[in-house]
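A closer look at the structure
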Amino acid sequence: MSIFLTGGSGYLGSYVIHELLTSSASRLHVMVRAKNRNEALQKLWRGLQLHQDEATFLDNLDRIEVVLGDLSAENLGIAEDQRGTLLDSVESVLHIGASLNRRSEKSCLNVNLRGTLSVLQLAKDLVDRGQLSRFTHVSTVAVAGKRHRETVHEAEAIDWERSDYDAYARTKKFCEHMARQLLPADRVQFLRPSIVLGDSRFPKTTQFDMARAFCALVDLPVVPLHSDARLDIVNADFVGSAIARLHLLQSPHHDIYHLSSGADAPSAGHIAHVMAQALDRRPSWFVPALQGAFEGSIGLGLKLSHDAKGHQLAALLKVFWPYISYDTVFDNTRVKNELGIKPIPFTAYCAGLYDFAKTHRFQYPYRPMPKISLEVT
């Protein structure tokens, strides 16, 4: 299968590419926002080095076709001749790319809405040629909108009467709607990850926003939550593998899958207990009555200067706090039955992630690009 893939240079995209390269013979046409092929390969290497050594990366380059493009540009910013090549060779589309900037409505509109529409137009051209076997849209459980103490199943997640937490959730929900309107129903599937945080196989990560928020909450002596509040956190290695495998399935049983921890989601109290044991200290106190005051302190932190440490942490918590405090999980029975795999509990690897993030001061120790002969275009 020849696959057109967006978002390949991102954190989750690197997991998906690695899985596709490892478990299939697919040729990948990976769109990267870059000035030339050299810069694009450097971006891909920054993500893939989490999974591959230099030799493996170089060996895989003959299966990766770099497509220079931009989700926010007209026609994805793809050169006309390369677009023609894509239309002649691509059999499926795996759309992962998105703006995760929940604080910027403009970014979400331009990248998520306009970008997804352009990807859908490319997919529609493939449909007209009789070539499209699958369009997989990597969405998010955030499309479910504002919830409290619920267990949400795939078919009931989108409720247009519910409000959304942010522009990211709102635009991703409408992206699903556009795909349903523009493409044949039997060619489209939607994969919705929950909170993707860490890797169950090793403590390393290149994505630190949520890790920073997690570490900050662990370090609080008093947590403004109910100790039994569930946190639907899922390991990136499970999500990346599931996306690749579901995309490659010839006849999936469903058109929507939650890539989540579901009923096995740990409670905040369980996570706190595991972390207290790992750090050899007293567990945090859970005082839900302080939630209002805590949210007020986040607002005060946002009023600090933008380069202040307090402002940066408040900005992260402003984004993630609704998804931490709403005590809602997303049923994952479909993906477990379809693939025969399930996520690893966050409590099995959260201590290692905490240690790695703090030790490396929330920065990944990137290795330089391996020396290869590159034709710059």
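One can find the structure itself at the top, above this paragraph.
Quick summary incoming for the structure in this document. (Residues numbered from 1 in each chain as written. Predicted model: local features only at pLDDT ≥ 70, side-chain atom pairs only at ≥ 80, totals over all residues. Heavy atoms only, no water.)

Things to note about the pattern of salt bridges
With the rule as written, the count across this model stands at 20 salt bridges. D159 is paired through a salt bridge with R162; the nearest N and O atoms lie 3.6 Å apart. Classification of D159 as partly exposed rests on a relative accessible area of 28%. Residue class for R162 comes out partly exposed when judged on its relative accessible area of 27%. Where D164 meets K173, a salt bridge forms, and the shortest distance between an N and an O atom there is 3.1 Å. There is no split in this pair, since D164 and K173 are both buried. One salt-bridge network, in which partners are shared between bridges, spans R147, E150, D159 and R162. (Salt bridge = Lys/Arg side-chain N within 4 Å of Asp/Glu carboxyl O. Buried < 20%, exposed > 50% of the residue type's maximum accessible area, 1.4 Å probe, protein only.)

Observations concerning the side chain of D331
By the element assignment, D331 lies in the loop between β13 (329-330) and α12 (333-339). Side chain to side chain, D331 and T333 meet in a polar contact 3.0 Å long. Residues contacting D331, with those up to four places away along its chain left out, are V152, H153, E154, H258, S260 and G262. (Helix = DSSP H or I, 4+ residues; strand = E, 2+ residues; numbered from the N terminus. Polar contact = N/O pair within 3.5 Å; in protein donor to acceptor, adjacent residues only side chain to side chain. Contact = heavy atoms within 4.5 Å.)

Regarding helix α10 (residues 291-302)
Taking 1.5 Å of rise per residue, 12 residues should cover 16 Å, and α10 covers 17 Å from first to last C-alpha, within 8% of that figure. Along α10, the positions that sit buried rather than exposed are F294, I298 and G301. Within α10, the buried residues cover an arc of 60° as seen down the axis, which keeps them to one side. Set apart from the buried face of α10 by more than 90 degrees, the exposed residues are A293 and L300. The inward-facing, buried residues of α10 abut α7 (209-218) and α11 (309-325). (Expected span 1.5 Å × (residues − 1). Arc of directions from axis to C-beta.)

So far we have only geometry, and geometry alone does not tell us how the molecule works.
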